[in-house]
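# Descriptive structure summary
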Amino acid sequence: MSEPLPIIMENSIQIAWDYLERTGDLGDPKAASKVLLESVEALVRRGERRVLMLSNTAISDYQRFRAERPLELVT
């Protein structure tokens, strides 16, 4: 029997978050959480339920998001 959808989403986001944190790519936590959630949610709405597919796509989407943003200056 498969996991409930909220658990699938939570696990996928947690895997992506942990990976980004370990690699130092996490950046702004607020922005990261928004991008990861939107990515996972969009795939789930299209029927994807594989946790690793969800997390890997979310990681790629977030890395693309970070690459498209100018570097933030720290004062």
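Residues numbered from 1 in each chain as written. Predicted model: local features only at pLDDT ≥ 70, side-chain atom pairs only at ≥ 80, totals over all residues. Heavy atoms only, no water.

### A few points about helix H3 (residues 51-68)
- Here H3 contains 18 residues, and its C-alpha end-to-end distance of 26 Å stays within 8% of the 26 Å for a straight helix at 1.5 Å per residue.
- Residues of H3 that are buried include every one of Leu54, Ser55, Ala58, Ile59 and Tyr62, and no others. All buried residues of H3 fall inside an arc of 130° around its axis, so they share one side. In H3, the exposed residues that point more than 90 degrees away from the buried face are Leu52, Ala67 and Glu68.
- The inward-facing, buried residues of H3 contact helix H1 (5-23) and helix H2 (29-45). (Helix = DSSP H or I, 4+ residues; strand = E, 2+ residues; numbered from the N terminus. Expected span 1.5 Å × (residues − 1). Buried < 20%, exposed > 50% of the residue type's maximum accessible area, 1.4 Å probe, protein only. Arc of directions from axis to C-beta. Contact = heavy atoms within 4.5 Å.)

### A short note on the nonpolar core
- With 16 residues, the main nonpolar core has Leu20, Leu36, Val40, Leu54 and Tyr62 as its most contacted residues.
- The biggest single contributor to this core is H2, with six residues.
- Look past the residues within four positions of Val40 in its chain and what remains in contact with it is Met9, Ser12, Ile13, Leu54 and Ala58. (Core = buried A, V, L, I, M, F, W, Y, C linked by side-chain atoms within 4.5 Å.)

### Points about the environment of Leu37
- As for its position among the elements, Leu37 is in helix H2.
- For Leu37, a relative accessible area of 40% gives the class partly exposed.
- In this structure, the C-alpha to C-alpha distance between Leu37 and Ser55, residues 18 residues apart in sequence, is 10.0 Å.

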